Amino acid sequence: MSDAWAGVDPVALEGAVRERAGRPVAGVEDMESYLAAQVADASHREVLGPLLSGDGPSGVVLRRGEVLARWGDPNRVEMAFSVTKSVLSLVAGVAFDEGLLRLDEPVHTSVELPQFADAHGRRITWRHLLDQTSQWEGELWGKPTRVDAQSVREGTESAAGPPGEGWAYNDVRVNLTALALTVLVRRPLPEVLRTRVMEPIGASASWSWHGYANSYVDVGGIRLPVVSGGAHWGGGLWISALDLARVGRLCLEGGEWAGRRVVSRRWIAELWTPCSVKPEYGLSWWLNDGRVVWPQAPSTGRCARGNGGNHLLWVDPARDLTLVSRWGADVEALIVAVSEAVRPG
């Protein structure tokens, strides 16, 4: 393995990390109050899944498999918020590699669920679910799609518009993706993630993935829990910075870990293929090619982000760089500072 410190300015990197450690996001010590203030929905505000309070900024910088810097406690488990969506897409990759999932095939051909039984639902493909262009309208686990306030920010979706022709960031629709995948693989998604991804990459056993108190589905007479794809109403992935950095490293390596194929290279390429409606978005990953996501950051970066960027997994193939930040304010400044300290190549 080549030298992880080649092309790195250690003084600049240390300064970036030190500055980050002193810029906490306020209020995370009481997650119930914090989440209530974050969620702008006018109705259906009740939390359905478990919550985990935060404990200040923490993170890690990884390059070529070596930890270059860390701050706070990177072993501490935190709620990942919408970073969960990008991990959900890795689980979809396992199904893809097994031949169970075909991206541009309608979901109803492999999964029998009422959400895909009407005229609109029968047109929804797996790609539509994973790139958030399904434009599905309905209710799941007591939450209607229309109450997710973050959906209307983009203005690209049309009411009852065709799948694939409008984009919206909607947690109810992501939860529908998790439901469909659970029925497809016929196992709880955390079990798939653990055995097919996290154990092969040497992750710890401290992470967990949660759904809601009412999110279950019957598959072949067995009641299976269904996880959530974010933490809009609680739940989601809870994971340490070091374990999340391993996920980032796996993606940088094209789905391979220590010579072992974990996820196909083709699937990693699909994750980072721009959505036709929303070019800065892939299959539940954000792409900075046009510097829309983070205007000051390198265009070579891709990221999983949650809670407005307060949770971040940033990977930059040009620098062979993985950056994880939790509960640090103004994360774009951190990306810029770390990127300036690590030259491409």
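Just above sits the structure.
The structure displayed is predicted, hence computed values, not measured ones.

1. What to know about the pattern of salt bridges
Scanning the entire structure with this criterion turns up 20 salt bridges. The shortest N-O distance in the salt bridge between R18 and E14 comes to 3.7 Å. Of this pair, R18 and E14 both sit in helix α1 (residues 10–21), four residues apart, which is roughly one turn of the helix. The exposure class of E14 is partly exposed, given its relative accessible area of 49%. Close ionic contact of D330 with R23 constitutes a salt bridge, the shortest N to O distance being 3.5 Å. Of the two residues, D330 sits in the loop between β14 (321–326) and α9 (331–341) while R23 sits in the loop between α1 and α2 (31–38), which places them 307 residues apart along the sequence. By relative accessible area, which is 41% here, D330 ends up partly exposed. Taking relative accessible area as the criterion, R23 reaches 31% and is therefore assigned partly exposed. Taken together, the shared-partner salt bridges in this structure form one network comprising E19, R20, R23 and D330.

2. Section: the sheet that holds strand β3 (residues 78–79)
Reading across the sheet, the four strands line up as β3-β8-β6-β7 and stay open at both edges, with antiparallel pairing between neighbours. Of all strands in the sheet, those bounded by a partner on one side alone are β3 and β7 (222–227). The sheet contact formed by strand β6 (residues 208–219) and β7 spans five bridges and is antiparallel. When the bridges of β7 are listed, Y216 appears paired with P225.

3. Overview of the nonpolar core
Counting 75 residues, the largest nonpolar core has L101 and W267 as its most contacted members. Ranked by residues supplied to this core, first place goes to helix α5 (residues 171–185) with 10 residues. Not counting residues within four places of it along the chain, the set of residues in contact with W267 comprises S89, L90, A92, G93, F96, D97, L101, L103, L130 and L283. Membership of the second largest hydrophobic core comes to 28 residues, among which are V8, A16, Y281 and A297.

About the cut-offs
- Residues numbered from 1 in each chain as written.
- Predicted model: local features only at pLDDT ≥ 70, side-chain atom pairs only at ≥ 80, totals over all residues.
- Heavy atoms only, no water.
- Salt bridge = Lys/Arg side-chain N within 4 Å of Asp/Glu carboxyl O.
- Helix = DSSP H or I, 4+ residues; strand = E, 2+ residues; numbered from the N terminus.
- Buried < 20%, exposed > 50% of the residue type's maximum accessible area, 1.4 Å probe, protein only.
- Pairing = 2+ DSSP bridges.
- Core = buried A, V, L, I, M, F, W, Y, C linked by side-chain atoms within 4.5 Å.
- Contact = heavy atoms within 4.5 Å.

Take it as geometry only, folks, not as evidence of what the structure does.
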